[in-house]
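Here is what each chain is made of, one letter per residue.
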Amino acid sequence: MSFATRIAAFRVRLAAAFALVVCGLVLASGAEAALPERRVALVIGNSAYTAVPPLANPMRDAKGVSAALKRLGFEVVEGYDLKMDDMTNVVRQFAQKLDGAKAGLVYYAGHGIAVGDENYLIPVDASLRSEADLDFRAVNVQLVLRQMQRDERVNIVILDACRDNPFAAQLAAKSRAVTRGLTPIETQSASGILIAFATDPRATALDGERDGHSPFTDALLKHIETPEVSITTVMDRVRADVWESTGKKQKPWTNSSIIGEFKLNPTVKLASADPTDASAAKAINAAVPAPAMPSAPVFDRSQIDIKTWEAAERGNSAADYRAYLDAFPSGQFATFARNRLASLEAATPPANAAGAVAAPAVTDEALKAETGTAQTETAMKLDAKVRRELQTRLRASGFQPGKLAASFGPSQRKAILEWQKSRGIPETGFLTALQATALREQSEPAYQRLLADEAKAAAEKKSRTADRGKAGKTRGGVADAGEEMYQRDLARERGVAYQGPAGQRAAGTTSSGYQGRVRQRGGASSDSAGAAAIGSIIGGAIMGGILGR
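Residues numbered from 1 in each chain as written. Predicted model: local features only at pLDDT ≥ 70, side-chain atom pairs only at ≥ 80, totals over all residues. Heavy atoms only, no water.

Participant: Explain the overall build of the protein to me, and be specific about the residues and the numbers.
Facilitator: Scanning the protein for helices and strands turns up 19 helices and 10 strands. Burial statistics for the protein: of 549 residues in total, 35% are counted as buried. In the protein, of all internal contacts separated by at least 6 residues, the share reaching a separation of at least 24 is 65%. Surface accessibility of the protein: about 32,000 Å² in total, with carbon and sulfur atoms responsible for 57%. (Helix = DSSP H or I, 4+ residues; strand = E, 2+ residues; numbered from the N terminus. Buried < 20%, exposed > 50% of the residue type's maximum accessible area, 1.4 Å probe, protein only. Contact = heavy atoms within 4.5 Å. Areas by Shrake-Rupley, 256 points an atom, 1.4 Å probe, with all protein chains shown as cover.)

Participant: Summarise the pattern of salt bridges; cite the residues concerned and give the values.
Facilitator: Two side chains bearing opposite charge may form a pair once their charged atoms approach each other closely. Evaluation of the coordinates by the stated rule reveals 16 salt bridges. Across the pair Arg137 and Asp133 runs a salt bridge, and its minimum N-O distance is 3.9 Å. Looking at Arg137, the relative accessible area reads 35%, which means it is partly exposed. Glu313 serves as the salt-bridge partner of Arg340, at 3.2 Å between the closest nitrogen and oxygen. Of this pair, Arg340 sits in helix 12 (residues 334-347) while Glu313 sits in helix 10 (residues 296-315), and the two are 27 residues apart along the sequence. Of the residues examined, Glu313 reaches a relative accessible area of 35% and is grouped as partly exposed. Salt bridges linked by common partners bring Glu389, Arg393, Arg440 and Glu444 together as one network. (Salt bridge = Lys/Arg side-chain N within 4 Å of Asp/Glu carboxyl O.)

Participant: Can you tell me about helix 16 (residues 410-423), naming the residues and giving the values?
Facilitator: Spanning 14 residues, helix 16 covers 20 Å between terminal C-alpha atoms, matching the ideal 20 Å at 1.5 Å per step. In the stretch just after helix 16, Gly424 is the one whose phi turns positive, near 75°. (Expected span 1.5 Å × (residues − 1).)

Participant: Give me the lowdown on the confidence of the model for the protein, citing residues and values where you can.
Facilitator: Summarising the model, the protein shows a mean pLDDT of 77, and 69% of its residues fall at 70 or more. In the model, residues 293-299 has pLDDT below 50 throughout and makes 0 contacts with residues more than four positions away in sequence or in other chains. (pLDDT = per-residue confidence, 0-100.)

Participant: Before we move on, could you go through empty space enclosed by the protein and cite the residues and values that matter?
Facilitator: Gaps left between atoms show up when a probe the size of a water molecule is rolled over them. As enumerated under the stated definition, the model contains 1 cavity of 30 Å³ or more in all. The volume enclosed by the largest cavity comes to roughly 30 Å³. Lining the largest cavity are Val106, Leu121, Val141, Val144, Val157 and Leu159. Among the secondary structure elements, those contributing two or more residues to the lining of the largest cavity are helix 5 (141-148) and strand 7 (154-160). Tallied by class, the residues present in the lining of the largest cavity amount to 6 nonpolar, no polar and no charged. (1 Å grid on protein atoms, 1.4 Å probe; cavity = no way out; pocket = protein on both sides within 12 Å on 5 of 7 lines; lining within 4 Å. Points joined across faces, edges and corners; volume = space filled by probe spheres on them. Nonpolar A, V, L, I, M, F, W, Y, C, P; charged D, E, K, R; others polar.)

Participant: Talk me through the side chain of Arg387; I want residue IDs and the actual numbers.
Facilitator: Of note, Arg387 is situated in helix 15 (residues 384-396). Look at Arg387 and you get buried, because its relative accessible area is 16%.

Participant: Tell me about the nonpolar core, and please be specific about residues and values.
Facilitator: One finds Leu69 and Ile122 to be the most contacted residues of the largest nonpolar core, which totals 79 residues. A per-element tally of this core places strand 3 (residues 103-109) first, with 6 residues. Apart from residues no more than four positions distant in its own chain, Ile122 is found in contact with Asn46, Tyr49, Met87, Tyr108, His111, Gly112, Ile113, Leu128, Leu134, Ala138 and Phe167. (Core = buried A, V, L, I, M, F, W, Y, C linked by side-chain atoms within 4.5 Å.)

Participant: Can you tell me about unusual backbone geometry, naming the residues and giving the values?
Facilitator: In this structure, Lys248 takes a positive phi of about 60° despite not being glycine. Structurally, the position occupied by Lys248 is in the loop between helix 8 (231-245) and strand 10 (253-256). Located in the positive-phi region is Lys381, a residue other than glycine, with phi close to 55°. Looking at the secondary structure, you find Lys381 in the loop between helix 14 (374-379) and helix 15. Residue Lys381 is classed as exposed on the basis of its relative accessible area of 59%.

Participant: Talk me through the pairing of strand 4 (residues 112-115); I want residue IDs and the actual numbers.
Facilitator: The alternating pattern of strand 4 places Gly112 and Ala114 on one face and Ile113 and Val115 on the opposite face, and all of these are buried. As judged from the 4 bridges shared by strand 4 and strand 5 (residues 118-121), these two strands associate in the antiparallel manner. Among the inter-strand pairings, Gly112 is bridged to a residue of strand 5, identified as Leu121. Once strand 4 ends, the chain turns through 2 residues before running back antiparallel as strand 5, passing Gly116 with a positive phi of about 65°. Sheet analysis places strand 4 next to strand 8 (residues 178-179), joined by 2 bridges and oriented antiparallel. Note that in strand 8 the partner of Ala114 across the bridge is Thr179. (Pairing = 2+ DSSP bridges.)

Participant: Please provide a residue-by-residue account of the sheet that holds strand 2 (residues 75-80), values included.
Facilitator: In any sheet, the strands associate via hydrogen bonds between backbone groups, in a parallel or an antiparallel arrangement. Pairing is mixed across the open sheet formed by 6 strands, whose spatial order is 2-1-3-7-9-10. Lying at the two open borders of the sheet, with one neighbouring strand each, are strand 2 and strand 10. Averaged over all pairs of adjacent strands, the angle between strand axes in this sheet comes to 10°, irrespective of strand direction. Sheet topology note: the strand 9 (residues 193-197)/strand 10 ladder contains 4 bridges and is antiparallel. (Axes fitted to C-alpha atoms, helices over the stretch in contact; angles between N-to-C directions.)

Participant: Quick rundown of the sheet that holds strand 5? Include the residues and the values.
Facilitator: Strand order in the open sheet made by the 4 strands is 6-5-4-8, with antiparallel pairing throughout. Each having just a single partner strand, strand 6 (139-140) and strand 8 make up the two edges of the open sheet.

Participant: Quick rundown of the environment of Ser214? Include the residues and the values.
Facilitator: Its location among the elements puts Ser214 in the loop between strand 9 and helix 7 (215-223). Residue Ser214 is classed as buried on the basis of its relative accessible area of 0%. Counting along the chain gives 158 residues from Ser214 to Ala56, while the straight-line C-alpha distance between them is 9.3 Å. Only 3.1 Å separates the side chain of Ser214 from the backbone nitrogen of Thr217, close enough to count as a polar contact. (Polar contact = N/O pair within 3.5 Å; in protein donor to acceptor, adjacent residues only side chain to side chain.)

Participant: Please provide a residue-by-residue account of the packing of aromatic side chains, values included.
Facilitator: Enumeration over the complete set of coordinates arrives at 5 aromatic pairs. Summarising the aromatic geometry, the rings of Trp309 and Tyr321 are spaced 5.8 Å apart at their centres and angled 40° between planes, so their arrangement reads as tilted. In this pair, Trp309 sits in helix 10 while Tyr321 sits in helix 11 (residues 318-327), placing the two residues 12 residues apart along the sequence. Classification of Tyr321 by relative accessible area gives buried; the value is 0%. Through successive ring pairs, a cluster of aromatic residues spans Trp309, Tyr321, Tyr324, Phe328 and Phe333. We note Lys63 situated over the ring of Tyr80; from NZ or CZ to the ring centre the distance is 5.3 Å. (Phe/Tyr/Trp six-rings, centres within 6.5 Å; stacked < 30°, edge-to-face > 60°. Lys NZ or Arg CZ within 6 Å of the ring centre and 35° of its normal.)

Right under this line is the structure:
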């Protein structure tokens, strides 16, 4: 190889090396630009209170929010059923992690209390006897806010702490400053902060179904991961959902001073290179793999899934739900479609009801494949009559749901859970349509016997009531006879004739019983004559004496 050829080759290698250096710089700057900003969250859920009755859902609510925030890329400091020392420790850890973060978020579920203009978060070991105890046995919300506002960042505080609070009742008798719910937190003094309460200030929020989520957190989990939506829009959607789901009894409250839009789930945007530098763009494309992004067909199919479900739900027929399941056997709403389909088929009588062959029994495999939740039970649209029927069937099957009620409370949930355990299916205390069908099949003979026994007992009770009415009439006759005897005795004492009851007097008859001793007219005349003779003798004697003098 000639010297000139070697020089040319060296120049080519040098140019290639320079191009690689340039590409490396472009890649480094692009990666730095694409690096997401740090976001830190504090999540606390307190349920197991020791001085007051425990709450059902805060721990479950907090764990659901924590999982969602982790999926959104937050560094999460979390704690559950925390005592006072533990709460201050996790707040301290959160404050340390906030250093350098561009966004901070706090979510709290549990008891909270407002005294004057201050809001306090209550640890599980709190025992509050006076207002002064709050400074030492509760965490002031302002303490948390101070940690968040030390640097410029977006700060979000979400408090699901407006539940019916026995601590407030204990302190209200000793302090007029204690109020229901929480006190509004102003944001005008600092920019970039959003405060959200589960309900309006001074109001009480609902805790929700046992083994579920509170209405507020349920709506929050539904919307918090929606991509390319600002936090204010998320909270607007949460407010609308809670307002409707609680029958317009609970309205979440938000106060924000965030300037611009802050998105919890922003779309990732890649750093762009100079479009005129074709070689650099080619090098980047070869060196950097494209990020895993959902393809257009998948996105379109998801939208079709939603639209198909909405159409099936509007039709609300077995054929519509079958059509949805045929198109989307593993779709977003497949479980709801199967539940509603089973409910409709169970409620529809066969065409030849008189001599119809019984439908095949529900298999254990099908039961074990489904898990009852608050959502599956809501989809069944059970009215009060059906709920009472299912409670009666549980009782007929040997379980104890307690007194019949229009809704399922703790005793009914316990009976459902025990029945699920006896069938070897997931023990949740909530039913699916298929489980309701299985319960009906299992309990039908005993259920009919129970209804017959109850009807028989009701008939016997009615008969006994009628017999007591007849006995009352008999006793009334005895009382009438006693009254008549009393009137006879009274007439005898007065020396007059007893005329009998009013009915007999009206008929002109007298009683055939004893009437007492009654003077007769003849006897009265002779007595008067004797008295007159004696009077004449005495009068003569007196007159004779006078004349003799």
